[in-house]
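Analysis of the macromolecular model
This is what each chain is made of:
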Amino acid sequence: MSETKVISGSIAIAEAAKQCKPKVLPMFPITPSTLIPEKLSEMVANGELDSKIIYVESEHSAISALYGVYGTGVRGFTATASQGLALMHEILPIISGARFPAVMAVANRTISGPLNIWNDHSDTMSERDQGWIQLYCEDNQEAYDTILMAYKIAENLEIQLPVMVCIDGFYLTHSYEPVKIEDQKKVDEFLPEYKPEHYLDTKHPKTFGPIAFPNVFMEFRKQQEDAMQDAVQIIQKINDEFEKKFGRRYGDGLIEGIELKDAEYALLCTGSVLGTARETLKDLRAKGKKVGLIKLKAVRPLPVEELKKLTSKLKGLGVIDKHASLGFGGALTNDIKAALAGEKVKVTGFIAGLGGRDINKARIQQAYETIIKGEEGCWLR
Amino acid sequence: MAILGIEEKEFFASGHRSCAGCGEALALRHILKTCGEKTIVVQATGCMEVVSSAYPETAWELPWIHCAFENASAVASGVRAALETKGDKETNILTLGGDGASFDIGLGSLSGALERGTKFLYICTDNEAYMNTGIQRSGATFPYANTTTTPDGKIIHGKSEPKKPLPFIVAAHGARYVATASVMNLFDLKKKVQKALAVNGPTFITVFVPCIPGWKIETNATIDVAKKAFETNVYPLYEIEEGVLKINQKPDEKKPVEEYLKMQGRFKHITPEIAAKIQKYVDDRMEFLESVDGKKIFDPIL
C-alpha cells in the first residue's frame, strides 16, 4: 500500500533507501545529513530494515567500507555532506574506477574555510570530475524518487557507475513536505535484486583494484567516459519507466524546460532554489515578461544535446551558480558556457546562496533583470 | 602434500615483481598457505599490492581486493558485513598492510575496525619504512636508521624517534590475540596465524621482514638479518593472548646489537657512541617486556 507522509527530505531519503533493500549501511554523521543515518538506525533497531549498519569512525572509512561491501557483491548505501564528502574524495574515483554501482546521498553543505554548516553546492560540485553520476533534487518527493532511480541507473549493465543523489542541506533535509511512499511490491518490480557477476568469492577468486601502468590505464577512464555518455539515454529511459510505474517524471530525467515556448531569457537552476525560481517566474510572466526556467537535474553526465535544444531560441541564459571555482568564476556557469559554446545564446553566471545565504525572490528577479538587459552576471549578495 | 607441516599449495603465483630476496613476499606466501582457500585478502597500497597486481596480470590465487593506502581495515569491515548478510561466517578475511599503512596512515581505520570487533586477521609486514615510495621513514622505523627522509647528515644521524609500539596499541583495544612474528621462523609464524584465525574477533600479527634495497643488504641476507634481529632482542617474539603477554621464544645466547647493525647499509653510519645508545634502547625495551612477561596487562574486551 502506498502512503503519503509529511516528512523531511532526510526521512524521504531514508524511506527510499530502506525500500531499495541495501544490505550494509556504513554510516558516519555530519550536519546536515545526520537525520539520514539516525532514521536508518531506528529502522534497523525496529526490524523494519534488514541491514547491517557499520558505525565507522570517519567518512573516509564509510566510503571505504562501502567499497568493500560492493566488492563482495552486496548492495549498500551511505550519506554524507560537505567535509565528509571532501574526506571521501580520494575514494570516490576508486569506486567509479572499480565500476561499483554504489549509491550515496549528499546533503549539500558548503565546504569549510571558514566553517559553515549551511547550504550551497561547493561540496558535490567539487567532486563532479570523479566519475559519479550526479543527480540534484528540487523537493522531498524528488529526493525519494531519485534514490529509487539511482540504484536502477547505477546497476544498469551499460552504466555500472556510482550515483550521488544531492539534496540541499536544511532546505530539503530539515523541512517537511508531503511525500508519497510507494508500495514495496511496486518498488521491487521497478528495482529488482542486485545480482552482480563479479565479486569476492572463494569459489571464483578474482582480483579487484589492481595497479594499471601507463600502457593500459587510459582505457579504464575512456570506458568510464563512454559509460557516462551512454548513461544519458538510459537515464531518460529509466525516467520514462518511473513515470509508467509511479506516475511522476522529471523532465527527460536529466533536464527540464519550464515555460520555454515563448521565452527569450531563462535562468538555469539546480536543486531546491527552483521552488523560489518558479514563484519568481510566475510573477514575471504575469507582468508579460518572456522568461522561462531550466531545471538541471543531472550535472554529470551533463545533458549537452538537450541543453542545446532547450536554449536554441533564447537570447540570454543566466546560471544560478552555488559554487565558485575560485580564480575562474562559477563552476556550473563555466560548464554550461562550455556546453553551449558556439550556440547563439549569451550565457552568464550569478554566484548565489553560498554558505546558506538566502536566494530569495528579489535576488532571482535581479538575475532575470540583468540578463534581460544583456548585462554580465554578478555575485547575488 | 605438506612438507614439515608446510602446505604445498601456493596461493601467490611466482612471476610477481618483488625484489630478489624480498622478506615480505616470502612471509606472505607462507601466511597464505596457512590461511588456505577459504580466505579473502584485503590489501593496503604498498610493495606487495604493486608487485602482485599489474593489470592484466595477477599473482593472487585467492579473492583479493585493494582500495587505497590507509583504509584496508575499513574495506575489510565492509567485506565482513557483506559476507555476514550472505550467511557466510566461515570465510577468513586476511587484511594486509605494510608498516606505513598500519603504524601511520591507516592507524585510524585500524582502530575503528578493532573497536567494532570486525572479525579479521590483520597482518602488518614490518620492514620499518615506506618502502614502496622509496624508503622514507615511518613510525616503525628503527631509531637511528638511515632512510631517505631521515638521512645521516652532519647534524642529524638517522631517525630520531623510538619505534611506535603498534602491537601494544592493538592489544590495548582489547584484541584477544596479538603477536609478533618473523620471516626467519616460518613455523612460529604458521602457528601464530592458525591461533589468530581461530579467534572469533579481530586479531593482529606484525611480521618482521627485511627489505633488500631499504636496509641495504644482499639479496641472500634476508633470513640471516632477521635471525640476528631476534638474537640481539631487536625484534622479540611474543604473544598477547587474552591480554596476557608471553615472550614465546628467547635467543639461546643474547648477542650485542652491533652484530645486527653492521650487517646493514642503513646503519653503516653508526658510531660506537650511537651503537651504545641503540644497545640501551634495545635493553630498555627488553627489560620492559620481561617485566610484564606472563602478566595480564591488557583487558581483552573484544
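In this text the structure is predicted, and so the values were computed from the model without any measurement. Residue indices follow the written sequence of each chain, beginning from 1 at its first position. Here chains are named by letter from A upward and ligands by number from 1 upward, in the order in which they appear as written. Confidence filtering applies because this is a predicted model: local features only for residues at pLDDT of at least 70, side-chain atom pairs given and counted only at 80 or more, and all residues used for totals across whole chains, interfaces and linings.

Section: the interface of chain B and chain A
What counts here: Contact between two residues is assigned whenever their backbone-derived C-beta positions fall within 7 Å. Segments assigned H or I by DSSP are reported as helices when at least four residues long, segments assigned E as strands when at least two residues long, and all are numbered from the N terminus. For this classification, the nonpolar set comprises Ala, Val, Leu, Ile, Met, Phe, Trp, Tyr, Cys and Pro, the charged set comprises Asp, Glu, Lys and Arg, and every other residue, Gly included, is treated as polar. A strand pair is defined by DSSP finding two or more bridges across the two strands.
Listed by partner, the interface residues are 38 residues for chain B and 36 residues for chain A. At the level of secondary structure, the elements contributing two or more residues to the side of chain B that touches chain A comprise β1 (39-43), α2 (47-52), β2 (64-66), α3 (72-85) and α5 (107-115) of chain B. In terms of residue count, α3 of chain B provides more of the side of chain B that touches chain A than any other element does, 11 residues in total. Here the side of chain B that touches chain A is composed, by residue class, of 19 nonpolar, 13 polar and six charged. Pairing between strand β9 (residues 207-208) of chain A and β2 of chain B: two bridges, direction parallel. Counterpart to T207 of chain A in the pairing with β2 of chain B is W64 of chain B.

What about the nonpolar core?
Residues and elements named next belong to chain A. Heads up, the condition is: Put simply, a nonpolar core is a cluster of buried Ala, Val, Leu, Ile, Met, Phe, Trp, Tyr and Cys residues tied together by C-beta atoms within 7 Å. Exposure criterion: with C-beta atoms placed from backbone coordinates, a residue whose C-beta has 20 or more other C-beta atoms within 10 Å is buried, one with 12 or fewer is exposed, and one in between is partly exposed. The split of the chain into domains comes from an automatic or database domain assignment.
Of all hydrophobic cores here, the largest spans 216 residues; its most connected members are I13, I147 and V165. Examining the composition of this core, we find that nine residues originate from one element, helix α7 (residues 140-155), more than from any other. Both of domain 1 (3-246) and domain 2 (255-380) provide at least three residues apiece to this core. Beyond its immediate sequence surroundings of up to four residues, I13 is in contact with I36, A79, A105, A143, I147 and I167.

Let's talk about the sheet that holds strand β5 (residues 177-182) of chain B
A sheet is described by the order of its strands in space; here nine strands give the open sequence β9(A)-β2(B)-β1(B)-β3(B)-β4(B)-β6(B)-β5(B)-β7(B)-β8(B), paired in mixed fashion. The open sheet is flanked by β9 of chain A together with β8 (244-249) of chain B, the only strands paired with a single partner.

Quick word on the domain arrangement of chain A
Residue and element names in this part refer to chain A. Domain annotation for chain A reports domain 1 (3-246) and domain 2 (255-380). Computed over C-alpha atoms, the centres of domain 1 and domain 2 are 27 Å apart. Opposite the 27 residues of domain 1 that make contact, domain 2 presents 20 residues. Within the residue set of the side of domain 1 that touches domain 2, elements represented by two or more residues are α6 (122-125), β6 (133-136), β7 (163-168) and α9 (214-246). The greatest single-element share of the side of domain 1 that touches domain 2, amounting to five residues, is contributed by α9.

A short note on unusual backbone geometry
Working note: non-glycine residues mostly have negative phi, and peptide bonds are mostly trans. Cis geometry marks the peptide bond from G113 of chain A to P114 of chain A, where omega comes out at 0°. With respect to the helices, strands and loops of the structure, P114 of chain A is situated in the loop between β5 (103-108) and α6. Of note, the amide linkage connecting Y55 of chain B to P56 of chain B takes the cis form, showing an omega dihedral of 5°. Mapped onto the fold, P56 of chain B is located in the loop between α2 and β2. The backbone phi angle of S82 of chain A is positive, close to 45°, even though this residue is not glycine. Locating S82 of chain A in the fold gives a position in helix α4 (residues 82-88). We classify S82 of chain A as buried; it has 29 C-beta atoms within 10 Å. One non-glycine residue, N233 of chain B, lies in positive phi territory at about 65°.

Topic: the packing of helix α1 (residues 23-35) of chain B against helix α7 (residues 186-197) of chain B
All names here are of chain B. How we decide: Axes here mean lines fitted to C-alpha atoms, for a helix over just the part in contact, with angles spanning 0 to 180 degrees between N-to-C directions. Orientation labels follow simple angle bins: below 35 degrees gives roughly parallel, above 145 gives roughly antiparallel, 65 to 115 gives roughly perpendicular, and whatever is left gives oblique. Each crossing gets its handedness from the near helix: less than a right angle anticlockwise from the far helix is left-handed, clockwise is right-handed.
Interhelical geometry of α1 versus α7 gives an angle of 45° and a closest axis separation of 9 Å. Comparing their axes, α7 and α1 come out oblique. Here the hand of the crossing between α1 and α7 comes out right-handed. Of α7, the residues touching α1 (which contributes A27, H30, I31, T34 and C35) are L186, L189, K190, V193, Q194 and L197. Here the contact of α1 with α7 is composed, by residue class, of seven nonpolar, three polar and one charged.

Focus on the environment of A229 of chain B
Residue and element names in this part refer to chain B. By the element assignment, A229 lies in helix α9 (residues 222-231). A sequence separation of 60 residues divides A229 from I169, and the C-alpha atoms of the two residues are 22 Å apart. The residues touching A229, leaving out its near neighbours within four places in the chain, are F208, V234, Y235 and Y260.

Quick word on the sheet that holds strand β15 (residues 346-352) of chain A
Residues and elements named next belong to chain A. The strand order across the open sheet built from six strands is β10-β12-β11-β14-β15-β16, with neighbouring strands paired in mixed fashion. Looking at strand neighbours, the two that pair on one side only are β10 (255-258) and β16 (379-380), the edges of this open sheet. The pairing of strand β11 (residues 265-269) with strand β12 (residues 291-296) spans five bridges and is parallel. Bridge assignment links L268 to a residue of β12, and that residue is I294. Sheet strands touched by helix α11 (residues 304-311): β10, β12 and β14 (316-321). Its angle to β10, the strand with the most contacts, is close to 5°. Of the strands in this sheet, β11, β12, β14, β15 and β16 touch helix α13 (residues 361-372), which is tilted by about 135° from β11.

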